[in-house]
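Report on the structure
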Amino acid sequence: MFRRRHPAAEDTAADEITLAAAARDTQVRVLRISGRPRLMMRLATLGVVPGVLLTIVKPRGPAIVSLGGARIAIGRSAAESVVVEAAE
Amino acid sequence: MSGANDRRIAIAGCPNAGKTSLFNQLTGAKQKVGNWPGQTVEQFSGEFTVADERFEIVDLPGAYGLVAVSAEEAIAATYLAEERPEVVVTVADASNLAGSLHLVAQIAELGLRQVVALNMVDVAERRGIEIDEERLSAALGVEVVRTVARRGVGTADVKSAIARADGRQSPQLVIDYGPVVERHIGRLVEDILARPAVAAVGPARWTALQLLAGDAAMRTRIGALPAGDEVLAAAAADRDGIAAESGFAAEMVLAERRFEWITRLVGAMTGSQEPGLLWSDRMDRVLTHRFFGIPVFLGVMWIVLRVTADVTAPYLDWVDATVSGPMSRWAVGLLGLVGADGGWFESLIVDGVLAGVGAVLVFVPVLFALYLMLALLEDSGYMSRAAAVMDRAMRAVGIPGKAFLPMMVGFGCTVPAIYATRTLDSSRDRLLTGLLTPFMSCGARLPVYILLAAVFYADSKSMVVFAMYLLGIAVAVLIGFLLSKTALREDDPTPFVMVLPEFRLPNTRTVWALVRQRTGSFIKGAGTTILLASIAVWLLLALPVTGDGGFADTEIENSAFGAVSKGVAPVLDPLGFGEWEQSGSLLSGFVAKEVVVSTVAQLYAVDETAAEDAPGFAADLADVGTSFLEAGADTLRALPAVIGLDFIDLEDDTPTALQAAVRTSFEDSSGGRGQLAALGFMVFVLLYTPCMAAVAAFRQEFGTRWMWVSVIGQFAIAWAGAFIVFQGGRLVGLG
């Protein structure tokens, strides 16, 4: 349905992690959301789209991220589908 | 529904943006609650007047965008696109402007006149977010009003902005989606304009955008039109084209582009500094912690449960005593004044109508307390955290995390539990949970267990009773698992993603509005059904079928009720309780589980109540008053015990004569295996239809078809359960 690789992710593949594996209190950049069209749409309407910066309040059980002042809770399996890289 | 001169206004907004607060502020008490056509989603509507012009206002379900992901979003999107209200008031959360503007932008793209209520500006200011509303207004072509809806700040400004916007030229926002997408939009717009039926749907660019985003509602709508298939085929080709050229699904590209546009706009207005860690983040880390989250949640649920069950118990007794005592006597007295007392008519009024009214009213204190607790949890922001905590464990068996709350409530009473499913997100989740809550053993089933356990399992009473509760949970989990693998399967389960609302002190006005609407909805909706069923049961009892008794003056055994009980009895014979007294008590248990034990006593003609002298009117009135005050005092005394952990009180005060009658009856009906038959009877009582009030509530929430599925399914499961216990027990040589 769509390609899984983000063009910008080609040279940073080694640093790719899922949102669930990110460290607390760090900033990450969203690279892509793999699979699951409903999850993609749900995240997209909240502004979680490739390229945005998220601050990790907590990464797991469930994950909570900060995006432009809003706090978004993301369940474990959904957090594992969001591929990010450390920002900065 | 409304006068011809009313102008239609809709309120839209993301969940938790303050939509409902603003709606309450605008309409005050002039509200109506109903359901969206064919949906189990609540529809609130109301009206208000500005400068002698009356406006009818509809509160749309919460939506993050107009490309629908949830049932609520589909309703909001369809209403806006098809009804095209005169003005849309979109509530945007000023502390999360970027997130809120997605919906605002889409409504502007649809070309509707819009007033944006920039809500919670106080929270935004505390976080140091400054918003240039004139710039926002110019960029989106909308009126922008600053509000703090919870405190009523800005409500008057919203009203005058609505009046100003009404009748103005409606501007259509055009966002530049980049060369690739714009080329496909242009092509699809031509295809749409070439077909008059499709072109009439709305702005062509809007139709094209929804089709490219793959919106299901728009696809269905276009597909039903002449030449709609051709447009759908063209749209599918364009979607493929965008995916091939950009490397992403078309809906992703559209959302991404729209967000880029929004981020630029917001960045230009507010500066894009990320606020630091807040105290609420620390609280969230604890409340949703992997290990602490669940114990905290269980503690909160325990309090909710105890308040609904224990604190309301004195009021429940008061309502019960008032209806069956003074109110019945007054009714008889009134009938005496017009000379209509003593006959079948008196019996109909007292045993049919008043008993039915009583059956409705006894639920009111419980529901009121439950709705109050739920509204407090919702409005404080805790409910979202609880859902986040429970989601993972419960999803493992196919049940959404938010289902935990209704199921806990079900231990108290099934009726409020079914209404509590309204807090769930999708109609599938609500239905699944509604089907499972009846298996949670409600308080009214307890007396049946206690009576039978006292007779047949005197040494291990508590264990048998506790086992019934555990069995109910096990059956619910099993049925939930099976349903989520079959009839209610989800290929792409709703992912758990939600914006956590700000923690805050619950607002009296919001909480009160929720409690009043929901309690009122029960009285009107389920109340009517319960009243009718109560009259129907009275009729069954009053109609003589055999014997020489007259109408409303016949032995139970000779009544239609007795005949039905005897007709049902053979079905229950393989379960070891096929005597008509036993089937009769189960039949009455369909009306309410509270009456199973009293029916048993009545059918075995064991009189447990002593006759008392009827007090006069004045004494009655004084008694109603003082007993209400006593109920209040009892409630206050019960409050400290709410957090205590004293276990179910298994004291039984059933007369020994009844115990002996029950023992003989079960030994007879089961061929000397009374213990097994009694266990089977308890399992049956646990698993079959809780009561007609629950059925009425279920019908109100999920429709008649699902009501029958639920009733018949529960009967089949109960029968199978009791069969396994009785026949299985016999096979392995128990009893």
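On a predicted model such as this, the values are computed, not experimentally measured, just so you know.

Cut-off values and rules
Residues numbered from 1 in each chain as written. Chains lettered and ligands numbered in written order. Predicted model: local features only at pLDDT ≥ 70, side-chain atom pairs only at ≥ 80, totals over all residues. Helix = DSSP H or I, 4+ residues; strand = E, 2+ residues; numbered from the N terminus. Buried ≥ 20, exposed ≤ 12 C-beta atoms within 10 Å, placed from the backbone. Contact = placed C-beta atoms within 7 Å. Nonpolar A, V, L, I, M, F, W, Y, C, P; charged D, E, K, R; others polar. Pairing = 2+ DSSP bridges. Axes fitted to C-alpha atoms, helices over the stretch in contact; angles between N-to-C directions. Parallel < 35°, antiparallel > 145°, perpendicular 65-115°, else oblique. Left-handed = near helix turned anticlockwise from the far one by under 90°. pLDDT = per-residue confidence, 0-100. Expected span 1.5 Å × (residues − 1).

**Looking at the overall build of chain A**
The helix and strand tally for chain A stands at two helices and six strands. The N-to-C order of helical and strand elements in chain A reads β-β-α-β-β-β-α-β. Here chain A, with 88 residues, has 51% of them falling under the buried criterion. Within chain A, contacts between residues separated by at least 24 positions form 62% of all contacts whose residues are at least 6 apart in sequence.

**What to know about the overall build of chain B**
When its secondary structure is counted, chain B shows 32 helices and eight strands. The long-range fraction of contacts in chain B, counting pairs at least 24 apart against all pairs at least 6 apart in sequence, stands at 72%.

**Quick look at the environment of D429(B)**
Residue and element names in this part refer to chain B. Inspection of the secondary structure assignment puts D429 in helix α21 (residues 427-436). Residue D429 is classed as buried on the basis of its C-beta count, with 24 C-beta atoms lying within 10 Å. Distance in space between the C-alpha atoms of D429 and I399 is 7.4 Å, their sequence separation being 30 residues. Filtering out sequence-adjacent residues up to four positions away, D429 remains in contact with P400, A403 and L424.

**A closer look at the interface of chain A and chain B**
With 36 residues of chain A in contact, the opposing surface of chain B contributes 38 residues. For the side of chain A that touches chain B, the secondary-structure elements that each account for two or more residues are α1 (37-45), β3 (53-58), β4 (63-67), β5 (70-74) and α2 (76-79) of chain A. Its residues assigned to classes, the side of chain A that touches chain B shows 20 nonpolar, eight polar and eight charged. Two elements, β5(A) and strand β8 (residues 497-500) of chain B, share four bridges in a ladder whose sense is antiparallel.

**Some words on the packing of helix α30 (residues 674-687) of chain B against helix α32 (residues 704-731) of chain B**
All names here are of chain B. Taken N-terminus to C-terminus, the directions of α30 and α32 make an angle of 165 degrees; their axes are 8 Å apart at the nearest point. When the axes of α30 and α32 are compared, the pair comes out roughly antiparallel. The handedness of the crossing between α30 and α32 comes out as right-handed. For the pair α30 and α32, contact is made by L676, A677, L679, G680, F681, V683, F684 and L687 and by Q714, I717, A718, G721, A722, V725, F726, G729 and R730, respectively. For the contact of α30 with α32, a count of residues per class yields twelve nonpolar, four polar and one charged.

**Some remarks on the confidence of the model for chain B**
Residue and element names in this part refer to chain B. Mean pLDDT for chain B: 81, with 89% of residues reaching 70 or above. Every residue in residues 607-612 scores below 50 in pLDDT, and together they form two contacts with partners more than four places removed in sequence or on other chains. Between residues 643-650, whose pLDDT stays under 50, and residues either more than four places distant or in other chains, the model counts six contacts. For this predicted complex, the interface confidence score (ipTM) comes to 0.84, while the overall pTM stands at 0.70.

**Examining the sheet that holds β4(A)**
Across the sheet, which stays open at both edges, the seven strands sit in the order β1(A)-β6(A)-β2(A)-β3(A)-β4(A)-β5(A)-β8(B) with antiparallel pairing between neighbours. Edge positions in the sheet fall to β1 (17-18) of chain A together with β8 of chain B, since each of these pairs with one other strand and no more. In the sheet, β4(A) pairs with β5(A) via five bridges, with the strands oriented antiparallel. Within the sheet, the bridge partner assigned to A63(A) lies in β5(A) and is I74(A).

**Observations regarding the pairing of strand β1 (residues 7-13) of chain B**
The side chains of a regular strand alternate between the sheet's two faces. Residue and element names in this part refer to chain B. In terms of burial, β1 is a largely internal element, five of the seven residues being buried. Both β1 and strand β4 (residues 53-59) contribute to a ladder of five bridges, which runs parallel. In the strand pairing of β4, I11 is matched with D59. Note: β1 against strand β5 (residues 87-93), five bridges, orientation parallel. Bridging from a neighbouring strand, I11 pairs with V89 of β5.

**Things to note about helix α26 (residues 580-591) of chain B**
Residues and elements named next belong to chain B. Taking 1.5 Å of rise per residue, twelve residues should cover 16 Å, and α26 covers 17 Å from first to last C-alpha, within 8% of that figure. Burial runs high along α26: eleven of the twelve residues are buried. Of the residues making up α26, those classed as buried are W580, E581, Q582, S583, G584, S585, L586, L587, S588, G589 and V591.

**With respect to helix α17 (residues 363-380) of chain B**
All names here are of chain B. Counted at 1.5 Å a residue, the expected span for α17 with its 18 residues is 26 Å, and the 26 Å between its end C-alpha atoms agrees. Here α17 lies mainly inside the structure; 13 of its 18 residues are buried. The first or second residue beyond α17 is G381, which carries a positive phi of 95 degrees.

**Some thoughts on unusual backbone geometry**
Cis geometry is adopted by the peptide bond preceding P62(A), which originates at G61(A) and carries an omega value of -15 degrees. With respect to the secondary-structure elements, P62(A) resides in the loop between β3 and β4. In this structure, R84(B) takes a positive phi of about 40 degrees despite not being glycine. Judged by the 16 C-beta atoms lying within 10 Å of it, R84(B) falls in the partly exposed class. For A227(B), which is not glycine, the phi torsion reads 65 degrees and is therefore positive. Here A227(B) shows up in the loop between α10 (216-223) and α11 (228-246).

**Quick look at the confidence of the model for chain A**
Residue and element names in this part refer to chain A. The pLDDT averaged across chain A works out to 78; a share of 80% of its residues lies at or above 70. The lowest-confidence element of chain A is α1, averaging 76 in pLDDT; the highest-confidence one is β1, averaging 92. Low pLDDT, under 50, characterises residues 1-12; the predicted model gives this stretch 17 contacts beyond four residues in sequence or across chains.

**Description of the pairing of β5(A)**
Residues and elements named next belong to chain A. Within β5, five of the five residues are buried, which leaves it mostly tucked inside the rest of the structure. Neither face of β5 is open: one carries A70, I72 and I74, the other R71 and A73, and all of them are buried. Two successive antiparallel strands, β4 and β5, enclose a turn made up of two residues, where G68 displays a positive phi of approximately 55 degrees.

**Section: the environment of M383(B)**
Position of M383(B) relative to the elements: it lies in helix α18 (residues 382-395). Counting along the chain gives 86 residues from M383(B) to F297(B), while the straight-line C-alpha distance between them is 9.5 Å.

**Some details on the environment of V266(B)**
Residue and element names in this part refer to chain B. With respect to the element layout, V266 can be found in helix α12 (residues 250-270). Between the alpha carbons of V266 and I131 there is a distance of 8.3 Å; along the sequence they are 135 residues apart. When residues no more than four places from it in sequence are discounted, the contact partners of V266 are L97, A98 and L101.

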